[in-house]
Amino acid sequence: MKKYERAWLMKSEPCCYSIDDLMRDGVTPWEGVRNYQARNFMWRDMKVGDLVFFYHSNEKPSHIAGLGEVASEPYPDKTQFDPKDEYFDPKATKEKPRWFLVDVKFKEKFAEPITLPQLKLDPDFATLPLLQKGSRLSILPINSIHAELLVEIGRSV
DNA sequence: GCCAACGTTGGC
DNA sequence: GCCAACGTTGGC
């Protein structure tokens, strides 16, 4: 059996929610995803226990900061129902929620983050979805080969 | 701060 | 259902 059958990369801006926040909280609902493709990954494809790479975007440089894991079945994102919330969606109702999320649990923080330029230099990651042109999706799948390599690199320092 | 690449919205 | 206009993401 493969070590990491399904793995995911989840982006967050450290200003808003960083891996240190996750380390402090232990578990967090991954709120605020308002993109259907990203939602579908959480809704249909993620399974409890899947490995999560925690990515800090808009950093200098951006980097993979550590690991988490999927910690719940999908359920409706409560922020879509709250008119005062920045993620409020007037078209969503409790009977017909639009946005689903999963909980993410903290696993570990890398001593040295894996940076974006570093990944670009490594031919092993040429096909990594994160590095493809125009890849703006906030949740991306990571195949088992890449997952194993990334864990190795992250822990090797 | 700029801007390319996307995604979404809404008029028709 | 098309497509222009607009908004957002995220690297640089």
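Residues numbered from 1 in each chain as written. Chains lettered and ligands numbered in written order. Predicted model: local features only at pLDDT ≥ 70, side-chain atom pairs only at ≥ 80, totals over all residues. Heavy atoms only, no water.

**Here's the deal with the overall build of chain A**
When you go through chain A residue by residue, the secondary structure sums to 4 helices and 8 strands. Walking chain A from its N terminus toward its C terminus, one meets helices and strands in the order β-α-β-α-β-β-β-β-β-α-β-α. Expected size for 157 residues packed as a compact globule is a radius of gyration near 15 Å; at 16 Å, chain A falls within 12% of this value. Over its C-alpha atoms, taken along the principal directions, chain A stretches across nearly 45 × 35 × 35 Å. Considering only contacts within chain A whose residues lie at least 6 apart along the sequence, 73% involve residues at least 24 apart. (Helix = DSSP H or I, 4+ residues; strand = E, 2+ residues; numbered from the N terminus. Rg over C-alpha atoms; globule rule 2.2 N^0.38 Å. Contact = heavy atoms within 4.5 Å.)

**Section: the protein's contact with DNA strand C**
In the vicinity of DNA strand C, the residues found are Lys11, Tyr55, Asn58, Ser62, Leu116, Lys120 and Arg136. Among all atoms of DNA strand C positioned within 4 Å of the protein, those belonging to sugar or phosphate total 67%. Between DNA strand C and the protein, one listed contact pairs a phosphate oxygen with a side-chain N or O atom of Lys120 at 2.4 Å. In this structure, Arg136 approaches DNA strand C through a side-chain N or O atom, which is 2.5 Å from a base oxygen. Taken together, the residues that form the surface near DNA strand C break down as 2 nonpolar, 2 polar and 3 charged. (Near = heavy atom within 4 Å. Polar contact = N/O pair within 3.5 Å; in protein donor to acceptor, adjacent residues only side chain to side chain. Nonpolar A, V, L, I, M, F, W, Y, C, P; charged D, E, K, R; others polar.)

**Observations concerning the nonpolar core**
Grouped together as the largest cluster of nonpolar side chains are 41 residues, with contacts concentrated most on Met42, Phe53, Ile64 and Ile139. Beyond its immediate sequence surroundings of up to four residues, Ile139 is in contact with Trp8, Leu9, Met10, Trp30, Val33, Ala38, Phe41, Met42 and Met46. (Core = buried A, V, L, I, M, F, W, Y, C linked by side-chain atoms within 4.5 Å. Buried < 20%, exposed > 50% of the residue type's maximum accessible area, 1.4 Å probe, protein only.)

**Looking at the protein's contact with DNA strand B**
With respect to spatial proximity, the complete set of residues near DNA strand B consists of Asn35, Tyr36, Gln37, Lys133, Gly134 and Arg136. Counted by atom, the contact set of DNA strand B within 4 Å of the protein is 68% sugar and phosphate. At 2.9 Å from a phosphate oxygen of DNA strand B is found a main-chain nitrogen or oxygen belonging to Lys133. Arg136 places a side-chain nitrogen or oxygen 2.6 Å from a base oxygen of DNA strand B. Residue classes in the surface near DNA strand B are distributed as 1 nonpolar, 3 polar and 2 charged.

**Notes on the UniProt feature "domain: EVE" (unreviewed entry) in chain A**
As annotated in UniProt, the feature "domain: EVE" (unreviewed entry) corresponds to residues 7-152 in the numbering used here. Each end of residues 7-152 is marked by a C-alpha atom, and these two atoms are 14 Å apart; helix forms 22% of the span and strand 30%. (UniProt positions renumbered as here; feature names shortened; annotations may be inferred.)

**Details of the pairing of strand S3 (residues 51-56)**
If a strand is regular, its side chains alternate between the two faces of the sheet. Counting buried residues in S3 gives 6 out of 6 residues, a clear majority hidden from the surface. Alternating positions in S3 separate into two faces, Leu51, Phe53 and Tyr55 on one and Val52, Phe54 and His56 on the other, with burial throughout. Here 6 bridges tie strand S1 (residues 7-12) to S3, and the two strands are oriented parallel to one another. Opposite Ser12, over in S3, you have His56 as the bridge partner. As defined by bridge partners, S3 adjoins strand S4 (residues 63-70) across 6 bridges and the pair is classed as antiparallel. Bridge pairing links Leu51 to Glu69 in S4. If you look at the hairpin formed by S3 and S4, you'll find 6 residues sitting between the two strands, and Asn58 has a positive phi there, around 60 degrees. (Pairing = 2+ DSSP bridges.)

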